[in-house]
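# Fold and contact review
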Amino acid sequence: MKLTVTGRNIEITDGIRNHLNDKMDKTIADLGEAADVHVALSVEKHRHFAEVTVKKTKGFTLHSQDETEDLYTSMDKALEKMEKQIRKNKE
């Protein structure tokens, strides 16, 4: 799985990358090596946005996003939404 992290108005630190890798290993690790995962993080005043896009080689693309007042909570919720979409898509 290829992970790309983009920050808008925020610097992507090693802590953010490590948190994303840990969460992805627990939630969406069953995608395999062929998946491209793009995470976009942005901050506007007190609002933190996290968008997750997954592209698979079979031609489908999944997208989820979340907004909260905490960046890590936004990332977690967006990944949970992505996990639900992946489960639905497999069934």
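Check the entry above for the structure.
This report concerns the structure included in the present document. (Residues numbered from 1 in each chain as written. Predicted model: local features only at pLDDT ≥ 70, side-chain atom pairs only at ≥ 80, totals over all residues. Heavy atoms only, no water.)

### Considering helix α2 (residues 71-90)
Over its 20 residues, α2 extends 29 Å from the first C-alpha to the last, a length consistent with the 28 Å expected when each residue adds 1.5 Å. Listed in full, the buried residues belonging to α2 are L71, S74, M75, D76, A78, L79, M82 and I86. Buried-residue contacts for α2 involve α1 (14-27), β2 (36-44), β3 (47-55) and β4 (61-68). (Helix = DSSP H or I, 4+ residues; strand = E, 2+ residues; numbered from the N terminus. Expected span 1.5 Å × (residues − 1). Buried < 20%, exposed > 50% of the residue type's maximum accessible area, 1.4 Å probe, protein only. Contact = heavy atoms within 4.5 Å.)

### A few points about the pairing of β4
Residues of β4 alternate between two faces, with L62, S64, D66 and T68 buried on one and T61, H63, Q65 and E67 left unburied on the opposite face. Sheet analysis places β3 next to β4, joined by 8 bridges and oriented antiparallel. Bridge pairing in β4 links A50 to D66. The loop that links β3 with its antiparallel partner β4 comprises 5 residues; one of these, G59, has a positive phi angle of about 100°. (Pairing = 2+ DSSP bridges.)

### Overview of the nonpolar core
In terms of nonpolar packing, the biggest core is built from 21 residues, with L41 and V52 touching the most fellow members. When residues of this core are traced back to their parent elements, those giving at least two are α1, β2, β3 and α2. Broken down by element, the residue count for this core peaks at 6 residues, all from α2. With residues up to four places along the chain from it excluded, the contact list for L41 reads V5, T6, G7, R8, I10, I12, I16, F49, A50, L71 and M75. (Core = buried A, V, L, I, M, F, W, Y, C linked by side-chain atoms within 4.5 Å.)

### Side note on the sheet that holds β3
The strand order across the open sheet built from 4 strands is β1-β2-β3-β4, with neighbouring strands paired in mixed fashion. Taken across any chain shown, the strands that pair with only one partner, and hence form the sheet edges, are β1 (2-8) and β4. Strand-to-strand twist of the sheet, defined as the mean angle between neighbouring strand axes without regard to direction, takes the value 15°. Each of β1 and β2 touches α1; the most contacted strand, β1, lies at about 135° to it. Packing against the sheet, α2 makes contact with β2, β3 and β4, and its axis sits at approximately 150° to β4. (Axes fitted to C-alpha atoms, helices over the stretch in contact; angles between N-to-C directions.)

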